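Examining the three-dimensional arrangement
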Amino acid sequence: MVERVSTGIKGFDNLVQGGLPKGSATLVAGAPGTGKTIFCLQALYNNALKGKSCLFVSFEQSADEVREQMKQFGWDAEKVKPAFKLLATDYNDPTFFAQLMTEVKSRKLDLIAIDSLASIIIDPFEVFGHPDFGLMKLVRQGGQLPLDVEGLSRL
């Protein structure tokens, strides 16, 4: 039997036999405005309330925008600190990937959500101004990500 990580979203967890497979990477895909970010924030927030270590990485919104979005649903990011960490980038910040790698290496994370992979994979040159940015820069800076597959579930 596959061990599951509950999202805390009852209807969804019932549909997927109790939650997301522990230690797996799950891609949440859909058209703009379908609730992907909200789904991921809710899953991380619910798990942070239970004391699980969660990281939300935003490549498209500022930290203030994400916190404001959370407030609209009554989720208080301050209430779940330090279990819930929000890391948002400014595309012009050359230290962002170093910050991200430090966060990943220094914490035993239970859940990570990256919003949005399209920003770092589709066309780094177009999005970031040069090809040595995005996922390639992350890989070059950190080599292999030091993630314990048994203890990590990724949204």
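Since we're looking at a predicted model, the values are computed, not measured.

Some details on the side chain of S53
With respect to the helices, strands and loops of the structure, S53 is situated in the loop between helix 2 (36–49) and strand 3 (54–58). With relative accessibility at 12%, the residue S53 sits in the buried group. Separated by 2.9 Å, the side chains of S53 and R107 make a polar contact. The residues contacting S53, other than those within four sequence positions of it, are A83, R107, K108, L109, D110 and L111.

Overview of the side chain of S24
Mapping S24 onto the fold places it in the loop between strand 2 (20–21) and helix 2. Residue classification places S24 among the buried residues on the basis of a relative accessible area of 19%. A distance of 2.6 Å separates a polar atom in the side chain of S24 from the backbone oxygen of P21.

As for the packing of aromatic side chains
We describe a pair of aromatic rings using the distance from one ring centre to the other and the angle between the two ring planes. Using the criterion set out here, one finds three aromatic pairs in the structure. Arranged with centres 4.9 Å apart and planes meeting at 70°, the rings of F12 and F39 form a pair that is edge-to-face. Taken together, the positions of F12 in helix 1 (residues 10–15) and F39 in helix 2 put the pair 27 residues apart, joining distant regions of the chain. The exposure class assigned to F12 is partly exposed, which follows from its relative accessible area of 25%. Assessed through its relative accessible area of 16%, F39 is described here as buried. With a centroid separation of 4.8 Å and an interplanar angle of 20°, the aromatic rings of F73 and W75 are classed as stacked. Its relative accessible area of 10% is what places W75 among the buried residues.

The rules behind these values
Residues numbered from 1 in each chain as written. Predicted model: local features only at pLDDT ≥ 70, side-chain atom pairs only at ≥ 80, totals over all residues. Heavy atoms only, no water. Helix = DSSP H or I, 4+ residues; strand = E, 2+ residues; numbered from the N terminus. Buried < 20%, exposed > 50% of the residue type's maximum accessible area, 1.4 Å probe, protein only. Polar contact = N/O pair within 3.5 Å; in protein donor to acceptor, adjacent residues only side chain to side chain. Contact = heavy atoms within 4.5 Å. Phe/Tyr/Trp six-rings, centres within 6.5 Å; stacked < 30°, edge-to-face > 60°.

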